[in-house]
Amino acid sequence: MKFLDRLIGWPLAYWSENLPRVREVLEQRLGPVDDDQSVQALVELKRAVLDA
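Heads up: these notes are all about the structure in this document. (Residues numbered from 1 in each chain as written. Predicted model: local features only at pLDDT ≥ 70, side-chain atom pairs only at ≥ 80, totals over all residues. Heavy atoms only, no water.)

### Points about the environment of Arg23
- With respect to the secondary-structure elements, Arg23 resides in helix α1 (residues 2–30).
- Considered as a pair, Arg23 and Asp34 are 11 residues apart in the sequence and their alpha carbons are 9.7 Å apart.
- Non-local contacts of Arg23, meaning those with residues more than four positions away in its chain, are made with Val33, Asp35, Asp36 and Val39.
- Here the side chain of Arg23 touches Val33 through a polar contact of 3.1 Å, landing on its backbone oxygen. (Helix = DSSP H or I, 4+ residues; strand = E, 2+ residues; numbered from the N terminus. Contact = heavy atoms within 4.5 Å. Polar contact = N/O pair within 3.5 Å; in protein donor to acceptor, adjacent residues only side chain to side chain.)

### Looking at the pattern of salt bridges
- Scanning the entire structure with this criterion turns up two salt bridges.
- Among the ionic pairs, Glu24 bridges to Arg21, the shortest N-O distance being 2.8 Å. Of the two residues, Glu24 and Arg21 are both situated in helix α1; the distance of three residues between them amounts to about one turn of the helix.
- Where Arg23 meets Glu27, a salt bridge forms, and the shortest distance between an N and an O atom there is 3.6 Å. Taken as a pair, Arg23 and Glu27 lie in helix α1 at a separation of four residues, close to a single helical turn.
- For Arg23, a relative accessible area of 22% puts it in the partly exposed group. (Salt bridge = Lys/Arg side-chain N within 4 Å of Asp/Glu carboxyl O. Buried < 20%, exposed > 50% of the residue type's maximum accessible area, 1.4 Å probe, protein only.)

In structure tokens form, the structure reads like this:
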């Protein structure tokens, strides 16, 4: 499990930190983005992997 945590840790941390900005840019260009469930899933995954 530690191997998997190390393998996905940095991209998970990156997207957890940058997803709000990416979403903002997408909404500016494309209009409203309805992805609340995806964001919540990412937050929960980050918590499970990086905060463990």
